[in-house]
Amino acid sequence: GVFEGWTSYNLASNGSPASVWAGEITTGDQNEAPADYGNNLGYNPWAAVNADPQVIMFQLGTNDIRMDGSAGAISGLTADIAELIDFLVENTSAHIFMKVPPPICYANPDPNSFTNCTNADDAAARSAALRSIYLDYHNVSNRITVVDMQKHLYGFRADSVASVVD
């Protein structure tokens, strides 16, 4: 098949924040070998570098912005993503596909909730901020492609999905 001879690694873990990945650039084990998703318990971007990839699929930031949508948090997330993308461009020869994350859903903010959004409009604003961070990379490098599936599939608000699908 088309992927014959390829090795695929999923180095992210569900819930992994971009801030932790960015921090691991300086504190992580620079010799960490890539591990398959089931065995990967860390957030070390050096594992991606050491895999010597041809392609990197990048989609981080949802967990950062869904918990804190303040201007300071968005600024920090922008810096974390920039640090990670710069690191991957400088340390690999891979083509990087930055997949814009899907819109954030709203749920009642309680300790067991998956989001701290106050309402659907807040969730949509946070989603728009995250999308904007990704779109800033459009045409930055011939090794970076921004993939905006939401634009073509579901829209930009999680609460508008039902009307699009019906």
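Here goes a summary of the coordinates provided.

Parameters and conventions
- All residue numbers here refer to positions counted from 1 along the written sequence of the relevant chain.
- Only residues with pLDDT of at least 70 are given local features in this predicted model, and only at 80 or more are side-chain atom pairs given and counted; all residues enter the totals for whole chains, interfaces and linings.
- Where side-chain values are given, they derive from all heavy atoms of the structure, hydrogens and water being excluded.
- Helix axes use the C-alpha atoms of the stretch in contact, all axes being lines fitted to C-alpha atoms, and the angles between their N-to-C directions lie in the range 0 to 180 degrees.
- The way it works is that DSSP assigns letters per residue, a run of H or I at least four long becomes a helix, a run of E at least two long becomes a strand, and they are numbered from the N terminus.
- When an angle is under 35 degrees it counts as roughly parallel; over 145 it counts as roughly antiparallel; between 65 and 115 it counts as roughly perpendicular; any other value is oblique.
- Whether a crossing is left-handed or right-handed is set by the direction in which the near helix is turned from the far one by less than a right angle, anticlockwise for left-handed and clockwise for right-handed.
- Here, two residues are considered to be in contact whenever any of their heavy atoms come within 4.5 Å of each other.
- Basically, the charged four are Asp, Glu, Lys and Arg, the nonpolar ten are Ala, Val, Leu, Ile, Met, Phe, Trp, Tyr, Cys and Pro, and anything else, Gly included, counts as polar.
- Only strands that DSSP links by at least two bridges are regarded as paired with each other.

**Description of the packing of helix α4 (residues 71-91) against helix α5 (residues 120-135)**
Working note: a packed helix pair is described by the angle between its axes plus the distance between those axes.
Phase 1 of the analysis: Between α4 and α5, whose axes approach to 11 Å, the crossing angle comes to 30°. Considered as vectors, α4 and α5 are oriented roughly parallel to each other. Both α4 and α5 take part in a crossing whose hand is right-handed. For the pair formed by α4 and α5, the contact residues are I74, L77, T78 and I81 on the first element and A129, L130, I133 and Y134 on the second.
Phase 2 of the analysis: Tallied by class, the residues present in the contact of α4 with α5 amount to seven nonpolar, one polar and no charged.

**A few points about the sheet that holds strand β2 (residues 95-99)**
Within a sheet, each strand pairs with its neighbour through backbone hydrogen bonds, oriented either parallel or antiparallel.
Phase 1 of the analysis: Strand order in this open sheet of three strands is β1-β2-β3, and the pairing throughout is parallel. The open sheet is flanked by β1 (55-58) and β3 (144-147), the only strands paired with a single partner. Averaged over all adjacent pairs, the angle separating strand axes in this sheet is 20°, with direction ignored.
Phase 2 of the analysis: Pairing of β1 with β2, which is carried by four bridges, proceeds in the parallel orientation. Within the sheet, the bridge partner assigned to V55 lies in β2 and is H95.

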